[in-house]
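Architecture and fold: a report
Listed here are the chains, written in short residue letters.
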Amino acid sequence: MGIFGRKNDTATATEAPVAVNPDLAALTGDYTIDPAHSTLGFTARHAMVTNVKGRFTEFTGTLHLDGADPAASTATLDIAMDSIDTGSADRDGHLKSADFFKTEEFPSTTFRSTEAEALGGDDYRITGDLTILGVTKPVTIDLEFNGAAKDPFGNERVGFEGKTEILRSEWGLTWNAALETGGVLVSDKIKLNFDISAIKNA
């Protein structure tokens, strides 16, 4: 079942427009991301030999799904940077400091979608503006639509999994330390992953 449609202005004479699934009409509406059943995570290479994973525990977000015009669907996300959790209090403190996220000066990171398209099947791509440390850059996220269901409490839910990679240096996150054996302590490339459950607004 598809959510996002291809942009009309990208269609060519040899490319047939993507048909809108009539079943999407039931999903049209505004949704609120459920943080209790969603995960915003990241992975960084540490000391060139292993991966360190973390997540943000406090965030809010919305989805607007448009069944008649899926390309008009949108997403927003606001992340409390002070909620970073890598399983190490010392490391979390360093990440909150002036070396990295400067959470006292920049308490939140935001994402605002600008475009969405269908890739076929349950695979989609959403593009938007990611703002970190006051710097805004475009990012593209590959998404898989996991389906829709009504939970035992009567909430209508939709679910998505997403992933992308960014270079943290593009947002001014440049702190590092050289290793005696060569290389650096923290990778520039960061993998971002999302597991989203959203509840349809009443």
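You'll find the structure just up there.
Report follows, based on the coordinates. Residue numbering note: each chain is counted from 1, following its sequence as written. Reporting in this predicted model follows two pLDDT cut-offs: at least 70 for local features of residues, and 80 or more for side-chain atom pairs to be given and counted; totals over whole chains, interfaces and linings ignore these cut-offs and use all residues. Values shown for side chains rest on all heavy atoms present in the structure; no hydrogens or waters enter the calculation.

**Remarks on the pattern of salt bridges**
- Salt-bridge detection follows one rule: a side-chain nitrogen of Lys or Arg within 4 Å of a carboxyl oxygen of Asp or Glu. If you walk through the whole model with that rule in mind, you get seven salt bridges.
- One salt bridge connects Asp-34 with Arg-157, and the closest N-O pair in it is separated by 2.9 Å. Linking Asp-34 in the loop between strand 1 (29-33) and strand 2 (39-46) with Arg-157 in strand 10 (residues 156-167), this pair joins segments that are 123 residues apart in sequence.
- A relative accessible area of 11% places Asp-34 in the buried class.
- Using a relative accessible area of 17% as the deciding quantity, one classes Arg-157 as buried.
- Members of the salt-bridge network, linked through shared partners, are Asp-34, Asp-151 and Arg-157. Each helix is a run of DSSP H or I of at least 4 residues and each strand a run of E of at least 2, with the numbering of both proceeding from the N terminus. Between buried and exposed lies partly exposed: a residue is buried under 20% and exposed over 50% of the maximum accessible area for its type, with that area taken using a 1.4 Å probe on protein chains only.

**Regarding the packing of aromatic side chains**
- Ring geometry is summarised as follows: Phe, Tyr and Trp rings, the Trp one being its six-membered ring, pair when their centres sit within 6.5 Å, and such pairs are stacked at plane angles under 30 degrees, edge-to-face over 60 and tilted between the two. For the structure shown, the criterion picks out three aromatic pairs.
- Aromatic side chains Phe-42 and Phe-56 sit 5.6 Å apart centroid to centroid with 45° between the ring planes, which places their arrangement in the tilted category. Placement of the pair is Phe-42 in strand 2 and Phe-56 in strand 3 (residues 50-56), with a sequence separation of 14 residues.
- Judged by its relative accessible area of 11%, Phe-42 falls in the buried class.
- Seen in terms of ring centroids, Phe-145 and Phe-160 are 5.2 Å apart; in terms of plane orientation they differ by 45°. Their pairing is tilted. Linking Phe-145 in strand 9 (residues 135-150) with Phe-160 in strand 10, this pair joins segments that are 15 residues apart in sequence.
- Residue classification places Phe-145 among the buried residues on the basis of a relative accessible area of 4%.

**Things to note about the side chain of Thr-164**
- Structurally, the position occupied by Thr-164 is in strand 10.
- When sequence neighbours within four positions are dropped, the list of residues in contact with Thr-164 reads Thr-140, Ile-141, Ile-190, Lys-191, Leu-192 and Phe-194. A contact between two residues is defined here by any heavy atoms of the two lying within 4.5 Å.

**Overview of a negative patch on the surface**
- Among the surface-exposed residues, Asp-122, Asp-123, Glu-144, Glu-161 and Asp-195 lie close enough to one another that they form a single negatively charged patch.
- Looking at the element boundaries, Asp-195 is found in strand 11 (residues 186-200).
- Residue Asp-195 is classed as partly exposed on the basis of its relative accessible area, which comes to 37%. Patch criteria: residues need more than 30% relative accessible area and no salt bridge. Like-charged residues are merged within 9 Å; nonpolar side chains of Val, Leu, Ile, Met, Phe, Trp and Tyr are merged within 5 Å. Throughout, the Shrake-Rupley method with a 1.4 Å probe supplies accessible areas, and for residues the shown protein chains are the sole cover considered. None of His or the chain ends enter the tally, which takes Lys and Arg as positive and Asp and Glu as negative. Here the site of a charge means atom NZ of a Lys, CZ of an Arg, CG of an Asp or CD of a Glu.

**Quick notes on unusual backbone geometry**
- A positive phi angle is found at Lys-102, which is not glycine, with a value near 45°.
- Here Lys-102 lies in the loop between helix 1 (89-96) and strand 7 (108-120).
- The phi dihedral of Leu-133 is positive, around 55°, even though this residue is not glycine.
- Note on placement: Leu-133 falls in the loop between strand 8 (123-132) and strand 9.
- Of the residues examined, Leu-133 reaches a relative accessible area of 13% and is grouped as buried.

**Some details on the nonpolar core**
- Definition of nonpolar core: a set of buried residues of the types Ala, Val, Leu, Ile, Met, Phe, Trp, Tyr and Cys, connected through side-chain atoms within 4.5 Å. One finds Leu-63, Phe-101 and Val-158 to be the most contacted residues of the largest nonpolar core, which totals 40 residues.
- With five residues, strand 11 is the largest single contributor of residues to this core.
- Residues within four places of Val-158 in sequence aside, it is in contact with Leu-27, Tyr-31, Leu-63, Leu-65, Phe-145, Gly-147, Ala-148, Ile-196, Ser-197 and Ala-198.

**Observations concerning the pairing of strand 11**
- DSSP-based pairing: two strands are paired if at least 2 bridges between them are found. Of the pairings in the sheet, the one linking strand 1 to strand 11 comprises three bridges and is antiparallel in character. Following the sheet pairing, Ile-33 is matched in strand 11 by Ala-198.
- Pairing geometry for strand 2 and strand 11, over seven bridges, is antiparallel. Paired with Thr-43 across the bridge in strand 11 is Lys-191.
- Of the strand pairs in this sheet, strand 10 and strand 11 are connected by eleven bridges, and their pairing is antiparallel. Counterpart to Ile-166 in the pairing with strand 11 is Ile-190.

**Points about the environment of Thr-86**
- Along the chain, Thr-86 turns up in the loop between strand 6 (84-85) and helix 1.
- Taking relative accessible area as the criterion, Thr-86 reaches 10% and is therefore assigned buried.
- As a C-alpha pair, Thr-86 and Gly-41 span 45 residues in sequence and 9.6 Å in three-dimensional space.
- Dropping the residues within four chain positions of it, Thr-86 is found in contact with Phe-42, Lys-53, Gly-54, Arg-91, Asp-92 and Leu-95.
- The definition of a polar contact used here is a pair of N or O atoms within 3.5 Å, where within protein one atom must be able to donate a hydrogen and the other to accept one, and adjacent residues in sequence count solely through side-chain atom pairs. There is a polar contact of 2.9 Å between the side chain of Thr-86 and the side chain of Arg-91.

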